[in-house]
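# Coordinate inspection notes
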Amino acid sequence: MTILCTGYEPFGDHETNPSGAVARELDGATVSGNDVVGDVLPVVLGDAGGRVRALIDEHDPSAVVATGLAAGRSAVSVERVAVNVADTAGTPDNDGNDPVDDRIDPDGRDGYLATLPVRRTVEACLDAGVPARVSNTAGTHLCNDVLYETLAALDGTGVPAGFVHLPATPEQAARKAGDDAAARGGSVTPSLPLDLQTDAVRIAFETALDA
Ligand code: PCA
């Protein structure tokens, strides 16, 4: 049996994207007896959703956990909902698309609820020492787009699927803080080491598959 984990390439002013690193790290691993297919998606509206649908068709996964970077969030965020809105809110995708108030699918439902056990995934992360929270919005950029497309593709199949937003890594936070004078003081971007981010995604699969 196969399970699918996606992350993204870098986008916006981020030189790296931990979600892509997590997907590469888990690619080929075994979680709860399932083989992980890890894939790094383009941060391009239309292309990312098309790719995830193709991966689902190809691998017929028994669970899907998509991941993305949410720089500024201080904990792993397990998303509860995807909305039928594409609005990049001033951070164009990597093809320069910058939609305002668009629909992902003009004929689609307004939204989908994640089919992963969202709250129990957060509780399992906390038990494992990984800071985590339920999130009730995945935004309206590519992460929401891929969650929407994934849930639409799997609607009615019973295959658990959802999205985990990941904080910046300490390296990203340090690089960003280095853009300002060190004496400036103040806060820096919250961060979480990559190994704990990877643990969170593994836990998301385990919680879904062992349900
Ligand atoms: N994060 C963005 C898109 C790609 C990514 O890693 C988001 O939160 O929508």
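Residues numbered from 1 in each chain as written. Predicted model: local features only at pLDDT ≥ 70, side-chain atom pairs only at ≥ 80, totals over all residues. Heavy atoms only, no water.

## Notes on unusual backbone geometry
One non-glycine residue with positive phi stands out, namely D60, at about 45 degrees. Locating D60 in the fold gives a position in the loop between α2 (47–59) and β4 (64–69). Residues other than glycine seldom take positive phi values, yet D101 does so here, at roughly 60 degrees. In this fold, D101 is placed in the loop between β6 (81–83) and β7 (111–113). The exposed category is assigned to D101, whose relative accessible area is 63%. (Helix = DSSP H or I, 4+ residues; strand = E, 2+ residues; numbered from the N terminus. Buried < 20%, exposed > 50% of the residue type's maximum accessible area, 1.4 Å probe, protein only.)

## Structural notes on the packing of α2 against helix α4 (residues 142–154)
In contact at an axis separation of 9 Å, α2 and α4 are set at 35 degrees when each is read in the N-to-C sense. In the crossing of α2 with α4, the sense of the turn from one axis to the other is right-handed. Note on element contacts: α4 touches α2 through L142, D145, V146, E149, T150, A152, A153 and L154, opposite A48, G49, V52, R53 and I56. Of the residues that constitute the contact of α2 with α4, the class distribution is eight nonpolar, two polar and three charged. (Axes fitted to C-alpha atoms, helices over the stretch in contact; angles between N-to-C directions. Left-handed = near helix turned anticlockwise from the far one by under 90°. Contact = heavy atoms within 4.5 Å. Nonpolar A, V, L, I, M, F, W, Y, C, P; charged D, E, K, R; others polar.)

## Points about the layout of surface pockets
Roughly 320 Å³ of internal volume is contained in the largest pocket. What lines the largest pocket is a set of 18 residues, and nearest its centre among them are F11, L69, A70, H141 and H165. Among the residues forming the lining of the largest pocket, the class breakdown is nine nonpolar, seven polar and two charged. (1 Å grid on protein atoms, 1.4 Å probe; cavity = no way out; pocket = protein on both sides within 12 Å on 5 of 7 lines; lining within 4 Å. Points joined across faces, edges and corners; volume = space filled by probe spheres on them.)

## Describing the state of the cysteines
Tallied over the full model, the rule gives zero disulfides. Free cysteine: C125, not disulfide-bonded; nearest cysteine sulfur from C5 at 13 Å. Residue C125 is classed as buried on the basis of its relative accessible area of 1%. (Disulfide = S-S within 2.5 Å.)

## Some details on the sheet that holds strand β9 (residues 161–166)
Each strand in a sheet pairs with its neighbour through backbone hydrogen bonds, running either in the same direction (parallel) or in the opposite one (antiparallel). Taken in spatial order, the seven strands make up an open sheet running β2-β3-β1-β4-β9-β5-β8, and their pairing is mixed. In this open sheet, the two edge strands, each paired with only one partner strand, are β2 (30–31) and β8 (132–135). The pairing of β4 with β9 spans six bridges and is parallel. Bridge assignment links L69 to a residue of β9, and that residue is L166. In this fold helix α1 (residues 18–26) packs onto β1 (2–8), β3 (34–41), β4 and β9, with an angle of close to 150 degrees to the strand it touches most, β1. α4 contacts β1, β3, β4, β5 (76–79) and β9 of the sheet and is inclined by roughly 165 degrees relative to β9. (Pairing = 2+ DSSP bridges.)

## Describing the packing of α1 against helix α6 (residues 194–209)
At a minimum axis separation of 10 Å, α1 and α6 run at an interaxial angle of 65 degrees. Crossing angle aside, the handedness with which α1 passes α6 is right-handed. In this structure, α1 uses P18, A21, V22, E25 and L26 to contact α6, whose residues at the interface are L194, Q197, T198, V201 and R202. The residue makeup of the contact of α1 with α6, split by class, is six nonpolar, two polar and two charged.

## Regarding the pattern of salt bridges
The final tally for this structure, using the stated rule, is nine salt bridges. With its nearest N and O atoms 2.9 Å apart, the salt bridge here joins E79 to R73. (Salt bridge = Lys/Arg side-chain N within 4 Å of Asp/Glu carboxyl O.)

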